[in-house]
Amino acid sequence: MFRIIRALVLVVALVAILVASSPTPVLTNARAIQEGKPLLRPRAVPQCFPGANGCAAARDMRAQRAARLAADPFILHRLRGESLASLFGKRDVSGFSNTCAEVDLEHSTGTGPVLVAMCQTDAGESTQTSLGLSSILMAHDDGKLLCVPEDKIYQHMSIAKKCADCAMSGSVISCLCLGSTGFVVDTYVDLNTCVGNSNGQLK
């Protein structure tokens, strides 16, 4: 009995030693951003670099970094691990194919593809309508198409700037789009999830 108790005491002591000696995870800036915590260990940024033109070089570097953040809304978004829906939100219209027919694409140089269809009005009449897709479709950094509200579009990422060879199949548009790595991606999105019919007008 004494031997059993002694063995248990030794096991407990060993476990306590192992727990006490296990390293504490280091809180990095990237991890703090992902976990939504304050930057407890902020990185010091020198006001000026060494050399005669050090201050000007530092200002240029900060300006370039700010420009990259402004041009690419996905940088901080990726660090935080957020979904694209939380970044851009969703359009509050959908279901155009339920009341529209003869759906097709027209291509306009420089402005991107235009969705055209014959849609029913509230009075039950059919009217031809169109919607420029460069105002709601853009290709994000992996080249995949994303449907976003008009006020969230980034023109340099719009379908007119990054995609080609678009075609319609039912309510689904497919395109070849350029990703940030330089590769072309065959991508698609169902416009029925983000385009609606408002009294005969595509919205």
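Residues numbered from 1 in each chain as written. Predicted model: local features only at pLDDT ≥ 70, side-chain atom pairs only at ≥ 80, totals over all residues. Heavy atoms only, no water.

J.: Can you break down the confidence of the model for the chain residue by residue, with the values?
T.: With 63% of its residues at a pLDDT of at least 70, the chain reaches an overall mean of 77. In the model, residues 41-45 has pLDDT below 50 throughout and makes seven contacts with residues more than four positions away in sequence or in other chains. (pLDDT = per-residue confidence, 0-100. Contact = heavy atoms within 4.5 Å.)

J.: Break down the side chain of threonine 121 for me, with residues and values.
T.: Mapped onto the secondary structure, threonine 121 falls in the loop between strand 2 (112-120) and strand 3 (126-132). Aside from chain neighbours lying at most four places away, what touches threonine 121 is Thr127, Asn199 and Gly200. (Helix = DSSP H or I, 4+ residues; strand = E, 2+ residues; numbered from the N terminus.)

J.: Outline the environment of glutamine 128, listing residues and values.
T.: Here glutamine 128 shows up in strand 3. Residue glutamine 128 is classed as exposed on the basis of its relative accessible area, which comes to 57%. Considered as a pair, glutamine 128 and methionine 118 are 10 residues apart in the sequence and their alpha carbons are 4.4 Å apart. In this structure, glutamine 128 is in contact with Ala117 and Met118, ignoring residues within four places of it in sequence. (Buried < 20%, exposed > 50% of the residue type's maximum accessible area, 1.4 Å probe, protein only.)

J.: Can you break down the state of the cysteines residue by residue, with the values?
T.: On inspection of all chains with the given rule, the structure shows four disulfides. For cysteine 147, the disulfide goes to cysteine 194, at an S-S distance of 2.1 Å. Where cysteine 147 bonds to cysteine 194 through sulfur, the torsion about that S-S bond is close to 100°, and the disulfide is right-handed. Residue cysteine 147 is found in strand 5 (residues 145-147), and its partner cysteine 194 is found in the loop between strand 8 (184-190) and strand 9 (197-198); the two are separated by 47 residues along the sequence. Between the sulfur of cysteine 166 and that of cysteine 175 lies a disulfide, 2.1 Å long from S to S. Across the S-S bond of cysteine 166 and cysteine 175 the torsion is about 115°, and the bridge reads as right-handed. Accessibility assignment for this pair places cysteine 166 and cysteine 175 in one class, buried. (Disulfide = S-S within 2.5 Å.)

J.: An account of the sheet that holds strand 3 is requested, with residue identities and associated values reported.
T.: On the basis of which strands lie adjacent, the open sheet formed by three strands has the order 1-2-3 and antiparallel pairing. What marks the edges here is a single partner per strand, and that holds for strand 1 (100-108) and strand 3. Within this sheet the neighbouring strands show an average axis-to-axis angle of 20°, counted without direction. In terms of strand pairing, strand 2 meets strand 3 through seven bridges, oriented antiparallel. Bridging from a neighbouring strand, valine 114 pairs with glycine 132 of strand 3. (Pairing = 2+ DSSP bridges. Axes fitted to C-alpha atoms, helices over the stretch in contact; angles between N-to-C directions.)

J.: Any chance you could break down the sheet that holds strand 6 (residues 163-169) for me, citing the residues and the numbers?
T.: As summarised here, the arrangement of the three strands in space is 6-7-8, forming an open sheet in which the pairing is antiparallel. Each end of this open sheet is capped by a strand with a single partner; those strands are strand 6 and strand 8. With direction set aside, neighbouring strand axes in the sheet form an average angle of 20°. Here strand 7 (residues 172-178) runs beside strand 8; their pairing, made up of seven bridges, is antiparallel. Each residue of the ladder has a partner; that of valine 172, found in strand 8, is aspartate 190.

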